[in-house]
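Here are the chains, one letter per residue:
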Amino acid sequence: MSTKKDEDGVNTGRGGSLRRGALVALPPALPPAAQAEADTSAVTPPPPPGLILREKEPENLEFPFSTLSSFVTPSEQFYIRNHFAMPRLDASAWRLSVEGAVERPFTLGYDELLRMPARTATATLECAGNSRVFLVPKASGTQRELGGAGNAEWTGVPLAALLDRAGVRAGAVEVIFEGADSGEISEEPKSPGVIHFARSLPLAKAWGPQVLLAHRMNGAALPPAHGFPVRALVPGWYGMASVKWLTRIVVTDRPFQGFFQTLQYSYFQQRDGLPTLAPITEAQVKAEIARPAMHEAVRANTAYRMHGAAWTSDSAVTRVEISVDGGRAWAAARLLDAPPAAPGPDAWRLWEYDWRTPPRPGPCTVMARATDARGRTQPMERDPDRLSYMISHVLPIEVEVI
Ligand SMILES: Nc1nc2c(c(=O)[nH]1)N[C@H]1C(S)=C(S)[C@@H](COP(=O)(O)O)O[C@H]1N2
Ligand SMILES: [Mo]
């Protein structure tokens, strides 16, 4: 692989996409030359290529997914999804209140939370509106491509420990997380004046050991943009459930009907032939292609390392398949092993596929499709009942063979 070709933006082989990013995940079968090259780059890692701005106020940014080069997304490259201006909280003044349908309501400070037994797990978060730019006709909302998803190592106190301490009353059904951020939604559907960002979980889910009050991300204190000092972390659910800047936990005896689970982040479920609005919960199985990127130029008749990531919820990705003919024929991609000592079941898998590019120049559409251990697979067509969320149908990536 020559430097010249790289400058042209053409990935001609295995080395090209691996040199970027601080945390380099090496696929198992690298030839010795490429190994040496990657090792050298690890000594002086290039700075991460940053984030793509999608909205200035409130600040919304996505990961440039074509730069995917590591199993763990560096914190400074993790997408940011904000509904209101970002609050800057002081950890020493921060209090978390646990209240509602509990026997012993209490409040807790940062130091006290840090002294409680913690768990660490690697988990993927995807925004329910990720990939919205692919929807035809266009849906309203932030137009993200593939980068509204990331995989990080989270450390925090299981929510169950706080629920135990508070003593959940008989008849309680849900736990509501409220963030410190607030504002007014002025477009239709409008919010009832100033509201906080808030979402709920059914108690059955809330008791699970995976649900954390996270205070660390990738081995450091939570960054301000990702919820400092403490956020909820609900692995396996779309990102909206993982409330940042957490200040209040309310146990309730009825399902929460807040703005962000009725007027936003909801979709139609068909029940007995009746479309019924339901809050968005579990992430859907999905594969994304990092390279080639949309409209990337690839050389005809060469070996190209196609690669990306795939994830699901409450299951494991068992298969990623590639189509290079618009969805007629499919061939298996290789799932890469996660780094040792890493992940929980809710982390994405990186995958790769050795593509022999078409012999002649012209347009070509490539697709990836993931399947999980529960037998769920990505549909080819968009389901309109999902409104502008849960964009998990097979996404066509158009490339130019030159
Ligand atoms: N307090 C608060 N929590 C929040 C949000 C928010 O705007 N405010 N956005 C949610 C949404 S929609 C997503 S996808 C995730 C994104 O988390 P991140 O910004 O750390 O990537 O946070 C969730 N938690
Ligand atoms: Mo989101």
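Relevant structure appears above.
The rules we used
- Throughout this document, residue positions are counted from 1 along each chain, in the order its sequence is written.
- Think of it this way: whatever chain is written first is A, whatever ligand is written first is 1, and the rest follow in order.
- pLDDT decides what is reported in this predicted model: residues at 70 or higher carry local features, side-chain atom pairs at 80 or more are listed and counted, and totals for whole chains, interfaces and linings draw on all residues regardless.
- Heavy atoms from the whole structure form the basis of all side-chain values; hydrogens and water molecules are not counted.
- The secondary structure listing takes helices from DSSP runs of H or I that are at least 4 residues long and strands from runs of E that are at least 2 residues long, numbered from the N terminus.
- Buried means the residue's accessible area, taken with a 1.4 Å probe over protein chains only, is under 20% of the maximum for its type, while exposed means over 50%, and partly exposed covers the values in between.
- Between two residues, a contact is recorded if the distance between any of their heavy atoms is within 4.5 Å.
- The method behind every accessible area is Shrake-Rupley, applied with a 1.4 Å probe, and residues are considered shielded solely by the protein chains displayed.
- A 1.4 Å probe that fits into a set of points on a 1 Å grid over the protein atoms alone but cannot get out defines a cavity; an open set with protein on both sides within 12 Å along at least five of seven lines defines a pocket, and lining residues are those with an atom within 4 Å of a point.
- Grid points are joined across faces, edges and corners, and a volume is the space filled by probe spheres set on the points.
- Classification used: nonpolar for Ala, Val, Leu, Ile, Met, Phe, Trp, Tyr, Cys and Pro, charged for Asp, Glu, Lys and Arg, polar for all others including Gly.
- Pairs of strands are assigned from DSSP output, requiring at least two bridges between the strands.
- Here an angle of 0 to 180 degrees is reported between the N-to-C directions of two axes, which are lines fitted to C-alpha atoms, with helices fitted over the stretch in contact.
- A pairing counts as a salt bridge when a side-chain nitrogen of Lys or Arg comes within 4 Å of a carboxyl oxygen of Asp or Glu.

Student: Sorry, what's going on with the overall build of the protein chain here?
Tutor: When helices and strands are counted, the protein chain shows six helices and 23 strands. Relative to its full complement of 402 residues, the protein chain shows a buried share of 53%. Sequence separation of 24 or more characterises 71% of the internal contacts of the protein chain that already satisfy a separation of 6 or more. Surface exposure of the protein chain reaches about 17400 Å², of which carbon and sulfur atoms provide 54%.

Student: Just checking my understanding: could you explain the layout of surface pockets for this structure?
Tutor: Rolled over the atoms, a probe sized like a water molecule indicates the empty space that remains. In this model, the largest pocket occupies a volume close to 710 Å³. Lining the largest pocket are 31 residues, and of these Ser140, Gly141, Glu187, Gln264 and Tyr389 lie nearest its centre. Residues belonging to the lining of the largest pocket are distributed by class as follows: 11 nonpolar, 12 polar and eight charged.

Student: For this particular structure, what's the right way to read empty space enclosed by the protein?
Tutor: Evaluation of the coordinates by the stated rule reveals six cavities of 30 Å³ or more. Space inside the largest cavity adds up to approximately 240 Å³. Taken together, 20 residues line the largest cavity, and the ones lying closest to its centre are Arg81, Arg231, Gly239, Ser242 and Lys244. Looking at the lining of the largest cavity, its residues break down into 11 nonpolar, five polar and four charged.

Student: When you look at the sheet that holds strand β3 (residues 95-100) in this model, what are you seeing that I'm missing?
Tutor: Within a sheet, each strand pairs with its neighbour through backbone hydrogen bonds, oriented either parallel or antiparallel. In spatial order, the strands read β4-β3-β12-β7-β8; together these five strands make up an open sheet with mixed pairing. Each end of this open sheet is capped by a strand with a single partner; those strands are β4 (106-109) and β8 (195-202). Strand-to-strand, the axes of this sheet are offset by a mean angle of 20 degrees, without reference to chain direction. With four bridges connecting them, β3 and β4 associate as antiparallel partners. Looking across to β4, one finds that arginine 95 is bridged to glycine 109. The strands touched by helix α4 (residues 159-166) within the sheet are β3, β4, β7 (174-183) and β12 (246-252), with β4 carrying the most contacts at an inclination of about 140 degrees.

Student: What is the right way to look at the pattern of salt bridges in this model?
Tutor: Side-chain pairs of opposite charge can arise where the charged atoms are in close proximity. Under the definition given, this model contains 21 salt bridges. As a salt-bridge pair, arginine 248 and glutamate 178 come within 2.9 Å of each other at their nearest N and O atoms. Of the two residues, arginine 248 sits in strand β12 while glutamate 178 sits in strand β7, which places them 70 residues apart along the sequence. Note on glutamate 178: relative accessible area 17%, which makes it buried. One network of salt bridges, in which partners are shared, links Glu282, Asp314, Asp372, Arg374 and Arg376.

Student: Honestly, the pairing of strand β21 (residues 349-356) in this entry has me stumped. Any pointers?
Tutor: Each regular strand shows side chains that alternate between the opposite faces of the sheet. As defined by bridge partners, strand β17 (residues 303-311) adjoins β21 across eight bridges and the pair is classed as antiparallel. Across the sheet, residue alanine 303 finds its bridge partner in β21, namely arginine 356. Direction of pairing for strand β20 (residues 334-335) relative to β21: antiparallel, over a ladder of two bridges. Across the sheet, the residue bridging to leucine 335 is tryptophan 351, located in β21.

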